[in-house]
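# Examining the three-dimensional arrangement
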Amino acid sequence: MRIQLFVRRCGAWLAGIMLVPLLSSAMLAQNSTGSISGLVTDSTGRVVEAADVLARNISNGAERQTTTRATGAYNLPGLVPSTYDLTVRLVGMGAQTQRIQVGIGQSLIVNFRLSSRTIELEAITIAAPPTETRTSEVATNVTEQQIERLPTPSRNFLDLAALAPGITVSEDRINGNSRTFSAGGQAPSSVNIFIDGTSLKNDVTGGGVSGQDASRGNPFPRNAIQEYRVISQNFKAEYQKASSAVITATTRSGGNEWAGSAFLTYQNKGLVALDSFQRADSLFKKPEYTRYLAGGSVGGPIIRDRLHFFGSFELNRQTRENRVAFAPPTGFPALDTVNLMQYNGNFASPFRERLFFGKLTYALSPRQTAEFSFNNRHETDVRDFGPCCGAGFNAFSEAVNFRQNVTIAQLRHNYFAGEWLNETKVDYSRFRRNPSPNESGMPLRLFQVPGGDYNIGSNRSTQDFIQKRLGIRNDLTYNGFHWAGSHVLKVGASADLVAYDIVKDNDGTPRFLYNAAYNYEHPFELNYGTGDPNLNKKNTQLGLYLQDDWSPVSRLTLNLGIRWDFESNMFNTGYVTPQNVVDTLAIYNDSFPTPLDLTRYISDGSQRKRFYGAFQPRLGFSYALDRDNKTTVFGGFGIYYDRSLFDISVDETLKLTHPTYTIRFPAPGMPAGPGEVDWQDSYLTADRAVLDQLVGTFGTPEAWLIDNKMKVPKSKQWNLGVRRLFGSMAVSVTYAGVRGVDQVTLNWAQFGLNPDGSCCTSFNIGAHGFSNIIFSSNSAKTWYDALLIQVDRPYRRSSENFGWGAGLAFTYAVRSLEGLDSFNDLGGSAPFAFPNTQNIPKHSANDEKVRVVANFITDVPYLYGVQFSGLITLGGKFRQDVGCPARFCGSGTTGNQFERGAFTVPGTFPYRSVDLRLRKDFPGFRGTQLGITLDAFNIFNHDNLGCYNTGNRTDTNFGDPSCVVSDPRRFQIGAEYDF
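In what follows, the accompanying structure is described. Keep in mind that this is a model prediction, so the values were computed, not measured.

What follows is about empty space enclosed by the protein. This model, assessed by the stated rule, comprises twelve cavities of 30 Å³ or more. Its volume calculated, the largest cavity comes out at about 440 Å³. Elements represented by at least two residues in the lining of the largest cavity include exactly β10 (167–169), β44 (850–859), β45 (866–875) and β48 (911–922).

As structure tokens, this is what we get:
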């Protein structure tokens, strides 16, 4: 009784908290639900008015109810993704039930035809799951079966975003440390992820998603993800802060039966093959490597049909070894005294990640539900030592410990009243990105040796980015407006209070550089960053939208929406340009190869106006060519604003408050010349105060100038396609176009081009107090035109012991850009265009045109409990620039591209990876089941080559590769226990 009373009190307390946000006036859509609509008729085809429509979640018993209108139509928006028994009944007619699987973001059409005769018993029909056909979005739903059954090396759920045509996902590699995705010819920073409606957007650094731009880890526990939806084109007005693609995911919830699972997978160096370059190197020895992925989940009822719990935990433990093999040149006594050989050996590089997720779901009443969830991600990664810098090495002492933490807590409340649906959410998130020296307190000493650099001492920099966000969101949906057809009206708003706490102590470890010209007797140069590395800013983000999904006739749906976004401090609004920068620009600006409009680059704190013009119309349509909605034509157009990364504005301040100085020393035995200072051995052990005085006297900082009229990056997107059902298989063909404009770049003011277009003219700004003058620009543009073909048959059982599913995503894309050298430049937080964007004309991008991704899941006939699945990725020709671009070497020196590989029929694909998985389920005991898995990645050990020599066509090794861009064959074994 005490336990029951405690649970009830907790439920009431939770419900009370959930109702607080309902009183706010802010409104914004929760983009993690689906909807069902349709038409109810009788056996003669006449519409049926006032019929009761009931949707019952078969997992937790939650119910939603509505009635049909005078037109016979009904609508049930805001359904949590799950399986529902959808029942229609009317007095005097036989009731019908269909079992419907509702996916995230899906708008399903389910029609009923009731019998006109009166019967005493309910007639129940379990129909095949409907397929979404009437959306105008270019979207792919990644199902629960695909997440659980397809082979993915590291359990990163983002890997399967590649199942959507037009999406590019970074390689999952043993030594990789970035897991991002991109689309539409835009940067990874232009995407967004929503989990249960909460944005994981990284406002500060690159990658788009918090914690993904520099991590080998996972953003969220995979066993907590129920399913997700990848929308690469025409996402509606309820989505914000993305100009290319969004992913919206829903998490699992507990049901009316307690259930759970535990898993373990293992991989080591013995399960990893060698690529052709490693096989050709007789001295190559496999480094140590192990990886354990383990975790579990459990969910069930605390109060049946009322209060449910779900929790999950995942552990990612990786240990690899990096080899340090200094082989210093002989004949330098000073270098011998350093004894670089003492740093040689194999050293462990451990990666540790813990992911936790917990969720309470409470049915307050038939009209209200409430939910509280919490998740935490914590990881550390000791890395960036071993081979580097050509043929060089970093000592283990030079390693960085890359720490990342992401914490999100959220409260949600849904209220249903007839034709009204209100959804409210309050969330708090904290993202920390903290790379710092693994061993601190030592100076960094760099020895330039033939072929590379040798580094000993502490790592150069410490960074600590913390992004904290408190957000309030609410959405109001009304489907009772029937002028000229039926309407589903949605209106919403959001308010996010964001704080950025930043420590950017770049080059805070003094770095001393040695070379043979000085006989390694003492350094020839010192690089050292000093001053105040701290910056704290606040930002308020607001969003409003209005969306009308209007069906003037039953076969036509028009999606009419508009969105408005605002940020109070995206561009360091109140920044005041320091007087020494103002004075230098006033005197020397006219001497720059690229003179600047100083009214745009000097600020007294009032020139930077907040941007209020981010209005974004988003229009879409879908038209069914037949009555059964088997063939649909769809399309859309929209404007999508992203945001500029705050890290760019950070450097505008910190490059001056915490500048990096360069100090030159004379050669041994020589007097100090202009700009040089005599070397003292005590500098190696000097405290920061001594070095601060030294660089303050002799060094020159950089000046970064942000345009006072800096624009927000945006894209214009449009698409036109056709979707057709062939039985249980859906096929779509789409043309997609994207034009990215106002892309942010950084440029050099003191460099320009010669009259013949070659590089470079320059102005010696270093003689006047600054090492560089860097200025921002919004001149970069991107073009993307693609043919997207998708074939999808979701996994389902056709008999008790057999089921199958398969899919194909085909992308043919042509990408171009202006103001940047390649799409890779867009991946960083501060993309540079040398010398400036105006000297980089529109040109084809260095990338592939064709990519095919196929997947399948099948139960093996006659082998009870065996399931076979696979993921096949094929890439076509890859274009690369040849020679020196005209902007550096003069006109006529280039203008062509080298295409490696071939894509002909039957032909071969230059990029090929086939990943396979076998799972054997053993007969269970009392509802439990044990499954054993064997995964094979790149099973044919195909060399996916890269690093091609495209410098000069006359080279004997022109066109030859020197590396691979994906890992060789890997096996992985695992087990899963379900109960």
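For the rest of this paragraph, the subject is the sheet that holds strand β35 (residues 660–664). With respect to topology, seven strands assemble into an open sheet ordered β21-β22-β26-β25-β29-β30-β35, the strand pairing being mixed. Here the strands that pair on one side only, and so sit at the sheet edges, are β21 (386–388) and β35. Across the sheet, the mean angle from the axis of one strand to that of its neighbour is 25°, orientation sign disregarded. Across four bridges, the pairing between strand β25 (residues 444–449) and strand β29 (residues 511–514) is parallel. When the sheet's bridge partners are listed, Arg445 is paired in β29 with Phe512. Together, β30 (525–529) and β35 form the strand contacts of helix α8 (residues 688–698), whose direction differs from that of β30 by roughly 105°.

Note on terminology: a disulfide is the covalent bond linking the sulfur atoms of two cysteines. Evaluated as defined, the whole model comprises two disulfides. Paired through a disulfide, Cys388 and Cys389 show a sulfur-sulfur distance of 2.2 Å. Handedness here is read from the sign of the S-S torsion; for Cys388 and Cys389, about -80°, the answer is left-handed. Under the relative-accessibility criterion, Cys389 is labelled partly exposed at 37%. A sulfur-sulfur distance of 2.0 Å marks the disulfide that ties Cys947 to Cys963. Its S-S torsion of about 85° marks the bond between Cys947 and Cys963 as right-handed, since a negative value means left-handed. Pair noted here: Cys947 is in the loop between β50 (945–946) and β51 (963–964) and Cys963 is in strand β51, with a separation of 16 residues, a long-range link. According to the relative accessible area criterion, Cys947 is partly exposed, its value standing at 47%.

Calculation notes
- Residues numbered from 1 in each chain as written.
- Predicted model: local features only at pLDDT ≥ 70, side-chain atom pairs only at ≥ 80, totals over all residues.
- Heavy atoms only, no water.
- 1 Å grid on protein atoms, 1.4 Å probe; cavity = no way out; pocket = protein on both sides within 12 Å on 5 of 7 lines; lining within 4 Å.
- Points joined across faces, edges and corners; volume = space filled by probe spheres on them.
- Helix = DSSP H or I, 4+ residues; strand = E, 2+ residues; numbered from the N terminus.
- Pairing = 2+ DSSP bridges.
- Axes fitted to C-alpha atoms, helices over the stretch in contact; angles between N-to-C directions.
- Contact = heavy atoms within 4.5 Å.
- Disulfide = S-S within 2.5 Å.
- Buried < 20%, exposed > 50% of the residue type's maximum accessible area, 1.4 Å probe, protein only.

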